[in-house]
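Chains, contacts and geometry: an overview
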Amino acid sequence: MTNPKFAISASVIRYLLALDALKGSGGIRTVDVARYLNVKKPSAHTMLNNLKDADVLTKDELGIAHLTGYGTELTSRYRRYYCAVSAALVRTLPPSADVKNAACALVAELSEPVLEELCAQSGAEGTLNVS
C-alpha cells in the first residue's frame, strides 16, 4: 500500500532503488546514497528527509538511515517493478537508449496493477543498476 503522504516520481524511484541496493545492518549514509546516484550530498540529504517524513526510513542520532518495515516493502516492490520494466525496455529499445531513466519514469507513471501484471509476465526479480 502506498503512503498517502508520499508521491512516487521517477526521482523517488531512483532513491528507493539506491536504498534497496545500499541497505545493510549498519544503515545507510547520505554520502553513500549521493555517491551511488551521482548526486550532490544536499540533494540526497533533502530526499532522505522527505523519505523519513513519509515513514520510509528513520534516522539515528548520527543521521544514518534505516529502512522501516514499510520502507523495506516499498523498496523491494519497486525493485521488482524496475527490473520488469527495464527488462522489457532492453528488449525493445535500441542499445543507445537511456533505459535506466526511462524505466524509472515509466514505473512512476504506470499503475501498480499494470506493474504487477508486467512482473508476473516477465518473472522479473533480477539485479539492478540505477547509478
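Check the entry above for the structure.
To keep things clear, this report deals only with the structure shown in the data block. Each residue is numbered by its place in its chain's sequence as written, counting from 1. Two thresholds apply to this predicted model, a pLDDT of at least 70 for residue-level local features and 80 or more for giving and counting side-chain atom pairs, whereas whole-chain, interface and lining totals are computed over all residues. Calculated side-chain values reflect all of the structure's heavy atoms, with hydrogen atoms and water omitted.

The helix and strand tally for the protein stands at 6 helices and 2 strands. Put simply, the protein runs from its N terminus to its C terminus through helices and strands in the order α-α-α-β-β-α-α-α. Atoms counted for the radius of gyration: C-alpha only. Globule rule: 2.2 Å times the number of residues to the power 0.38. Relative to the 2.2 N^0.38 estimate, which gives 14 Å for 131 residues, the radius of gyration of the protein is 14 Å and therefore close to what a compact globule would have. The dimensions of the protein, computed from C-alpha atoms along their principal axes, are 45 × 30 × 25 Å. Under the DSSP-based scheme used, a helix requires at least four consecutive residues in state H or I and a strand at least two consecutive residues in state E, with every element numbered from the N terminus.

Here the focus is the environment of Asp 53. Structurally, Asp 53 can be placed in helix α3 (residues 41-53). When accessible area is computed with a 1.4 Å probe and restricted to protein chains, residues below 20% of their type maximum are described as buried, those above 50% as exposed, and intermediate ones as partly exposed. Residue class for Asp 53 comes out exposed when judged on its relative accessible area of 52%. Separated by 43 residues in sequence, Asp 53 and Ala 10 have C-alpha atoms that sit 18 Å apart.

In summary, the pairing rule links any two rings of Phe, Tyr or Trp, Trp by its six-membered ring, whose centres are within 6.5 Å, and it sorts them by plane angle into stacked for under 30 degrees, edge-to-face for over 60 and tilted for everything else. Inspection of the entire model under this criterion finds 1 aromatic pair. With centroids separated by 5.1 Å and ring planes inclined at 80°, the aromatic side chains of Tyr 78 and Tyr 81 adopt a geometry described as edge-to-face. On the criterion of helical spacing, the pair formed by Tyr 78 and Tyr 81 is a turn pair, its members being 3 residues apart in helix α4 (residues 69-92). Each of the two residues, Tyr 78 as well as Tyr 81, counts as buried.

The next thing to look at is the environment of Val 56. Relative to the elements of secondary structure, Val 56 occurs in the loop between α3 and β1 (57-59). As for Val 56 and Leu 67, which are separated by 11 residues in sequence, their C-alpha atoms are 6.0 Å apart.

Further remarks concern α3. To estimate how far a helix should reach, multiply one less than its number of residues by 1.5 Å. Taking 1.5 Å of rise per residue, the 13 residues of α3 would be expected to cover 18 Å, and the 18 Å separating its terminal C-alpha atoms lies within 8% of that figure. Taken together, the buried positions of α3 are Ala 44, Met 47, Leu 48 and Leu 51. All buried residues of α3 project into a common sector of 100° when viewed along the axis, lining one side. Among the exposed residues of α3, those pointing more than 90 degrees away from its buried face are Pro 42 and Asp 53. Residues of α3 that are buried make contact with α1 (10-22), α2 (30-37) and β1. Looking one or two residues beyond α3, the residue adopting positive phi is Asp 55, at roughly 65°. Arc definition: it is the arc formed by the directions from the helix axis to the C-beta atoms. By definition in these notes, contact holds between two residues if any of their heavy atoms fall within 4.5 Å.

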